[in-house]
Amino acid sequence: MSQKILVIDESLVATKLTENVLAQNFHGVDVLLAQRGNDAFDRFNVAQPDLILLNETLPDMDAETVCYRLLNDPATAKVPVVLLASNGNGDRIEERYDNVIKVLPKPVTPESLLEVVNATLSKNKPMVNPARQLLFHDPARTVFSGHTAFFSLRSALQMAYGDRLTGALRFFVNRYPIELFISKGRFLFATSRNFQMYCRDSPVILSATNLGLIIEGQVAQAATGCPIFLFLSVRNGFPHDDVVQIVRDHGQRVFANLWTAGRVTFEFEELQEFPEYAKNFPPGTEDPDNWILGSLRHVRYDNLMAAQRPDPNGSPAYTRKGYELIQKLKLNDVEARFATAINGAESLQSIAKKIGIPLNDALLIVFRFAALDIIDYWSSNVLSLPGAPAPAPDAA
């Protein structure tokens with residue numbers, strides 16, 4: 001099973017150096033990133049790291065606050081922390097907090113970083129995922145299971161769709177699983193018992209709803225996984241008419257966390273009947289790739305793992321079946337313009353400039369298309385090799 005390291009540091013330069021050292025020496029390790037303390041705690045909702053590299057200062061909180069919050073949460077208390085410090089407070093924090101196992105003085109050398117990471121990961125076995133312990137189910141109803149180190153998210157959805165399965169496809173992230181309900185191969189919606197993660201981007205939608213009903217909905221979602229919008233619609237407390245579309249959209253939004261959670265385990269459990277809240281929910285009409293594309297649009301660049309961030313100086317090219325695949329997708333306007341600009345030779349920066357979008361938006365489209373096996377993305381290192389096709393020069 002793969003291990004995960006969470007790097008919490010606001011400095012992009014320092015983070016990049018850390019990423020490079022870890023990527024070159026730990027090929028089976030997922031490196032997750034956070035530039036703020038609150039972002040780091042959001043990451044714990046979807047990925048439980050085996051080690052944390054924590055900078056002493058962050059834009060929104062100090063290292064001591066982070067260590068305190070980690071130590072006082074049962075789900076994070078046992079995660080070892082390596083503190084990167086330069087102001088002399090590191091030793092005091094190490095003495096006060098049991099989860100701080102080492103203080104590395106800054107500037108950190110690659111040798112000292114590798115030594116402590118290697119020692120920690122080799123000594124600590126991967127932790128049991130708490131999400132698996134919440135479920136009580138019959139193993140005999142498990143149709144298939146796997147791990148995304150060997151079997152992609154896309155392949156899992158395609159298998160359920162192609163075999164016209166009925167049940168729940170569960171992905172075991174930290175704390176609570178993400179569950180995707182499927183009826184005869186057609187997708188209903190994804191949900192999670194983690195209300196904070198599910199509604200993180202929905203304050204406006206819920207602002208006009210009675211607070212008491214919202215609290216009841218939170219409790220119901222934590223207990224059963226029922227999306228709060230379905231709960232509120234039944235209780236006549238939700239003012240929006242198109243509850244079905246909102247539940248579908250939020251399902252894709254919560255599923256989007258899986259793309260940046262590192263490698264996770266999953267299983268499909270066949271169900272004779274759905275939970276009460278899902279029984280009458282109409283299935284969607286999307287095929288797996290269009291459903292996935294809708295989910296990928298919710299991925300933010302800041303949440304991409306180190307290995308997922310495309311080289312800005314690279315060049316996209318269609319895979320052997322990529323052009324055929326993209327004809328079946330319901331692209332938005334920017335994605336369609338990007339797709340028509342791919343010619344296998346032009347650089348990403350040139351394409352972004354030509355179609356008039358920010359580079360980070362172009363990088364996210366590259367991420368989406370690569371996840372769907374539509375394109376290969378050649379980094380600048382590959383393009384510089386002898387015999388490699390040279391990208392067209394950027395327009396002036």
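Residues numbered from 1 in each chain as written. Predicted model: local features only at pLDDT ≥ 70, side-chain atom pairs only at ≥ 80, totals over all residues. Heavy atoms only, no water.

Novice: Looking at this structure, how should I read the pairing of strand S1 (residues 3-8)?
Specialist: One face of the sheet, then the other: side chains in a regular strand alternate in exactly this way. Of all 6 residues making up S1, 6 are buried, and the element is well covered by its neighbours. Side chains of S1 alternate between two faces, with Gln 3, Ile 5 and Val 7 and Lys 4, Leu 6 and Ile 8 buried alike. Here S1 pairs with strand S2 (residues 29-34) via 6 bridges, running parallel. Among the inter-strand pairings, Gln 3 is bridged to a residue of S2, identified as Val 29. Crossover connection from S1 via helix H1 (residues 12-25) to parallel S2: handedness right-handed. Pairing between S1 and strand S3 (residues 51-55): 4 bridges, direction parallel. Residue Val 7 lies in a different strand from S3, and its bridge partner there is Leu 53. (Buried < 20%, exposed > 50% of the residue type's maximum accessible area, 1.4 Å probe, protein only. Helix = DSSP H or I, 4+ residues; strand = E, 2+ residues; numbered from the N terminus. Pairing = 2+ DSSP bridges. Right-handed = clockwise from strand over helix to strand, strands pointing away.)

Novice: Even after reading the chapter, I still don't get the packing of aromatic side chains, so can you show me in this structure?
Specialist: When we look at a pair of aromatic rings, we describe it by the centre distance and by the angle of the planes. Evaluated as defined, the whole model comprises 18 aromatic pairs. Aromatic ring contacts, followed pair by pair, group Phe 144, Phe 151, Tyr 161, Phe 171, Phe 187, Phe 255, Trp 259, Phe 266, Phe 268 and Trp 291 into a single cluster. We note Arg 69 situated over the ring of Phe 41; from NZ or CZ to the ring centre the distance is 3.8 Å. (Phe/Tyr/Trp six-rings, centres within 6.5 Å; stacked < 30°, edge-to-face > 60°. Lys NZ or Arg CZ within 6 Å of the ring centre and 35° of its normal.)

Novice: I keep staring at the confidence of the model for the protein and nothing clicks. Help me out?
Specialist: In low-pLDDT segments, the atomic positions of the prediction should not be examined closely. When pLDDT is averaged along the protein, the result is 88; 90% of the residues meet or exceed 70. Ranking the elements of the protein by mean pLDDT puts helix H8 (residues 203-206) last, at 62, and helix H12 (residues 288-296) first, at 98. Here residues 392-396 is modelled with pLDDT under 50, and outside its nearest four sequence neighbours on either side it reaches 10 contacts, counting other chains as well. (pLDDT = per-residue confidence, 0-100. Contact = heavy atoms within 4.5 Å.)

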